[in-house]
Amino acid sequence: MAASFHFELVSPERLLISEDVDAVLVPGSEGEFEVLAGHAPFLSTLRPGLMRVRGGSKPDRQIFVRGGFADTGPDGLTVLAEEAIPVEEIDRELIASQIADAEDDVKDAKDEATRDDAERHLEHLREVQRALGH
Amino acid sequence: MASLKDLRNRIASVKATQKITKAMQMVAAAKLRRAQEAAEAARPYAQRMQSVLASLSDAVKGSDEAPHLMVGNGRDATQLLVVCTADRGLCGAFNSSIVRLARQTAIRLQNEGKKVEFFCVGRKGYDMLRRDFGNQIVDLVELKEVKRIGFTDAQQIAEKIIKRFENGDFDVATLFYAHFNSVISQVPTAHQMIPAHVEDEAAETQAASDEAGAVREYEPEESEILADLVPRNISVQIFRALLENAASEQGARMSAMDNATRNAGEMIDDLTMEYNRTRQAQITKELIEIISGAEAL
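Residues numbered from 1 in each chain as written. Chains lettered and ligands numbered in written order. Predicted model: local features only at pLDDT ≥ 70, side-chain atom pairs only at ≥ 80, totals over all residues. Heavy atoms only, no water.

Q: Looking at this structure, I do not really get the packing of helix α6 (residues 151–166) of chain B against helix α8 (residues 222–296) of chain B. What am I missing?
A: The relative placement of two packed helices comes down to the angle between their axes together with the axis-to-axis distance. Residues and elements named next belong to chain B. Remark: α6 packs on α8, axes separated minimally by 8 Å, with the N-to-C direction vectors making an angle of 125 degrees. As the angle between them shows, α6 and α8 are arranged oblique. For the element pair α6 and α8, the recorded crossing hand is right-handed. Residues F151, A154, Q155, I157, A158, I161 and I162 of α6 pack against P231, I234, S235, V236, I238, F239 and L242 of α8. Within the contact of α6 with α8, the residues separate by chemical class into twelve nonpolar, two polar and no charged. (Axes fitted to C-alpha atoms, helices over the stretch in contact; angles between N-to-C directions. Helix = DSSP H or I, 4+ residues; strand = E, 2+ residues; numbered from the N terminus. Parallel < 35°, antiparallel > 145°, perpendicular 65-115°, else oblique. Left-handed = near helix turned anticlockwise from the far one by under 90°. Contact = heavy atoms within 4.5 Å. Nonpolar A, V, L, I, M, F, W, Y, C, P; charged D, E, K, R; others polar.)

See the structure below:
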């Protein structure tokens, strides 16, 4: 049994998870990273993607997160996500509609920088859609 | 003096009113519980947000990279008052107390020679402010169709406000809402949103935990995270205000309707008493007429 640490997943609407887990794979904006017990203090923004949680009260879980950031500190990992939905509950249409929104953003972008951002966002969402297998 | 029929009609109508206020009270009580839960569930997020923001703002303090949304643009000539009220009435002094606070602030700022603009969230505040500050209201957002306030609703409002700020339409934004203390007490509150006002308490606890741990690493850089985080923080603050407001509104409505139900009960008692007296008096009068008629024979 690996050492566990405290993990909290908070969305603006509610506290989704607050328990001790073994490892969490977080989709950071500059690459995925895995947090284990005793991780160095670290703060990263999130890109839309799947978060994998190992250990804890339930078997391994996958959670779709979008927008927000992850904060690792001495008290464990806190993920503040604007949207967090367990994979089992994901609505396929929701992802599809978010992709449509992102496509509109790309079209409406006025300058280079916003278009780059929007395109990156869209790419991440497509990745999630592929990961869900449809 | 009112006839028996009039009294009967009045009693019936007051009873009907009482039924409505009673129902409204019960609906408000059920909604209050849900609104309260939502407000409580949203608290952890806002707290974490504050503490992260506090540590980040320490990191970029003094540098030019700090986003304008956070440090302000150095002026305070134009003030935007974001007034959150309910879309419906019949909730006691809830709406008017928020509007009163906003109006007082506006008058004070105007006396200081500043330009004041209003951004209304909720129909009732707009209706009340329109009379005095009709041409200073820049926007109105109604949440009548929204059953349960979601984060996206707050985000849309935040986007509108941030856009105005970036266009240079205002320098300082203050949020007005009713803080939910309990069912019988809702405190109208003003909260400065732009430039961001980091709570000292959160900053201190964060500073303490930073000292205990190693140096925190950031990815991407602090300033980039801040640029992403600060607009989000505004959404969070609006979301919180909306949730607090929703709970306060239901609390205020519940106690207002409770009072109304009680008043209706008293009125029914009084009217029933009057009805019985009148009825008795009429019977006595009829008896006297019959008896005196019989004696005359």
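Q: Whenever I open this one, a negative patch on the surface confuses me. Can you help?
A: Residues and elements named next belong to chain A. Together, D101, D104, D105 and D108 make up a region of like negative charge exposed at the surface. Looking at where D101 falls in the secondary structure, it is placed in helix α1 (residues 92–108). The class for D101 is partly exposed, based on a relative accessible area of 48%. (Patch = residues over 30% accessible without salt bridge, like charges linked within 9 Å, V, L, I, M, F, W, Y side chains within 5 Å. Areas by Shrake-Rupley, 256 points an atom, 1.4 Å probe, with all protein chains shown as cover. Salt bridge = Lys/Arg side-chain N within 4 Å of Asp/Glu carboxyl O. Lys, Arg positive; Asp, Glu negative; His and termini not counted. Charge placed at Lys NZ, Arg CZ, Asp CG, Glu CD. Buried < 20%, exposed > 50% of the residue type's maximum accessible area, 1.4 Å probe, protein only.)

Q: Sorry if this is basic, but what is going on with unusual backbone geometry here?
A: A negative phi holds for most residues other than glycine; trans holds for most peptide bonds. Residues and elements named next belong to chain B. The step from I194 to P195 runs through a cis peptide bond, and the omega angle for that step is -5 degrees. With respect to the helices, strands and loops of the structure, P195 is situated in the loop between β5 (185–194) and α7 (200–212). Within the chain, L90 stands out as a residue other than glycine whose phi angle is a positive 55 degrees. As for its position among the elements, L90 is in the loop between β1 (78–84) and α4 (94–111). By relative accessible area, which is 56% here, L90 ends up exposed.

Q: Just to check I follow, could you spell out the domain arrangement of chain B for this structure?
A: Quite often, the size of an interface is put as the accessible area lost when its parts meet. Taken as a whole, chain B is organised into domain 1 (4–22 + 258–296) and domain 2 (42–256). Here the C-alpha centre of domain 2 of chain B lies 54 Å away from the C-alpha centre of domain 1 of chain B. (Domains from an automatic or database assignment.)

Q: How should I be thinking about the packing of aromatic side chains in this particular structure?
A: Aromatic ring pairs: the centre-centre distance and the angle between the two ring planes describe each pair. Summed over all chains, the structure comprises five aromatic pairs over all chains. Ring geometry for F33 of chain A against F42 of chain A: centres 5.0 Å apart, planes inclined by 85 degrees, an arrangement best described as edge-to-face. No difference in accessibility class separates F33 of chain A from F42 of chain A, as the two residues are buried. With centroids separated by 5.5 Å and ring planes inclined at 55 degrees, the aromatic side chains of F165 of chain B and F170 of chain B adopt a geometry described as tilted. Among the residues examined, F165 of chain B registers a relative accessible area of 6% and is labelled buried. (Phe/Tyr/Trp six-rings, centres within 6.5 Å; stacked < 30°, edge-to-face > 60°.)

Q: I'm lost on the confidence of the model for chain A in this one. Help?
A: When pLDDT is averaged along chain A, the result is 82, and 97% of the positions lie at 70 or above. The spread of mean pLDDT over the elements of chain A runs between helix α2 (residues 112–131) of chain A, the lowest at 77, and strand β3 (residues 23–28) of chain A, the highest at 90. (pLDDT = per-residue confidence, 0-100.)

Q: For this particular structure, what's the right way to read the domain arrangement of chain A?
A: All names here are of chain A. When its domains are assigned, chain A resolves into domain 1 (5–88) and domain 2 (91–131). Computed over C-alpha atoms, the centres of domain 1 and domain 2 are 22 Å apart. In this complex, domain 1 contributes eight residues to the contact, which on the side of domain 2 involves nine residues. Summing the contributions of domain 1 and of domain 2, the shared interface buries around 690 Å²; its carbon and sulfur component is 71%. Its largest share of buried area at the contact with domain 2, domain 1 owes to R47, P48 and F64, together 56% of the area lost on that side. For the pair domain 1 and domain 2, the interface holds zero salt bridges. For the side of domain 1 that touches domain 2, the secondary-structure elements that each account for two or more residues are β6 (49–54), β7 (61–73) and β8 (76–86). (Buried area = accessible area lost by both parts, 1.4 Å probe.)

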